[in-house]
Amino acid sequence: MAQERTVLYEDGAIRYVLEEKPVKNLNLRIHKDCKVYVSASPDVPVEKVDDFVASKGRYIRSAQGKFLELAKYAPRPRQYVSGETFYLLGRSVRLKVEKNEQEGIASDGIYLYLRIKSLDNFANKQRIVTRYLDESCRAVFSEIILATYPVFQKYGVAMPALRIRNMETRWGSCIAKKGIITLNKQLLEAPRSCIEYVVMHEFCHFIHPNHSKRFYGLLTTLMPDWRERKETLDKNAAYWM
């Protein structure tokens, strides 16, 4: 059940969508389109939720401003023509489209070579590139998870299942009870060190399923430079999300 609500903040109003869910805490989310969502238990009075949103007014305005700024640099829709730039593990590669009866795709780290029977078949070009990126995500993310896992095996953590999807506002998420780590497909564009940080972050949630001091203490112990890695992700989000 969801309802739209409005609260006053300084000289304006903040509109948000209240979603009633069986959650313990009030959870605030701001999407890239600047819409505000709050999930709360049906038992929580709406007035309390309104007060909560108003108390987060400064943060909401700041986040919305950043999303509006990032929107200016949003990449144009892909045309899959020679010269387009893709990012793979933090490095830019240029697409080269070549007519060839043997269709396929490969990269030498500088160019992404797309061989295609018909240069005008947009759907086929999109399909081949998307499949290549999906397979690369699976290979790279799985490799990093396998390299990270031994540290957590000592804590009795089972090897998690990996899910990959497009995510608007998160680089990753973790369902500790089900043993699932979900990673944002766009992470493939970030440097490997940044992917390692996100994987480590999510693994730490298997031990501390929150963002408590203990969680950050464990993260800092296992990855002392996680803040620098996170900063790199945040600074380049306009290109990678």
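Overview of the structure. Bear in mind the structure is a predicted one, so any value in this text is a computation, not a measurement. (Residues numbered from 1 in each chain as written. Predicted model: local features only at pLDDT ≥ 70, side-chain atom pairs only at ≥ 80, totals over all residues. Heavy atoms only, no water.)

Positive phi, close to 55°, is recorded for Y80, a residue that is not glycine. Its place among the elements puts Y80 in the loop between helix 2 (57–71) and strand 5 (85–88). For Y80, a relative accessible area of 7% gives the class buried. (Helix = DSSP H or I, 4+ residues; strand = E, 2+ residues; numbered from the N terminus. Buried < 20%, exposed > 50% of the residue type's maximum accessible area, 1.4 Å probe, protein only.)

Burial in helix 5 (residues 213–222) covers these residues: F215, L218 and L219. Within helix 5, the buried residues cover an arc of 100° as seen down the axis, which keeps them to one side. Across helix 5 from its buried face, at more than 90 degrees, point the exposed residues K213, R214 and T221. Against the buried residues of helix 5 lie helix 4 (192–204) and helix 6 (226–235). (Arc of directions from axis to C-beta. Contact = heavy atoms within 4.5 Å.)

Moving on: the sheet that holds strand 5. Pairing in this open sheet of 4 strands is mixed, and the strands run 5-6-8-7 from one edge to the other. Edge positions in the sheet fall to strand 5 and strand 7 (104–107), since each has one partner strand and no second. Within the sheet, the average angular offset between the axes of one strand and its neighbour, ignoring direction, is 30°. The pairing of strand 6 (residues 91–99) with strand 8 (residues 111–116) spans 6 bridges and is parallel. When the bridges of strand 8 are listed, E98 appears paired with R115. Sitting on the sheet, helix 3 (residues 122–153) touches strand 5, strand 6, strand 7 and strand 8, and the angle it makes with strand 8 is about 135°. (Pairing = 2+ DSSP bridges. Axes fitted to C-alpha atoms, helices over the stretch in contact; angles between N-to-C directions.)

Turning our eyes to something else, we now look at the pairing of strand 3 (residues 27–30). Sheet analysis places strand 3 next to strand 4 (residues 36–40), joined by 4 bridges and oriented antiparallel. Directly across from R29, in strand 4, lies its bridge partner Y37. Linking two consecutive strands that pair antiparallel, namely strand 3 and strand 4, is a turn of 5 residues; a positive phi of about 75° is found at C34 within it.

What follows is about the pattern of salt bridges. Tallied over the full model, the rule gives 9 salt bridges. Among the salt bridges present, the one from E143 reaches R192, with a minimum N-O distance of 3.2 Å. A residue pair is termed long-range when its members are at least 10 positions apart, and E143 in helix 3 and R192 in helix 4 qualify at 49 residues. Connected through salt bridges with shared partners, the residues E143, R192, E196, D225 and R229 form a single ionic network. (Salt bridge = Lys/Arg side-chain N within 4 Å of Asp/Glu carboxyl O.)

Note that every value here comes from positions in space, so none of it alone points to a role or purpose.
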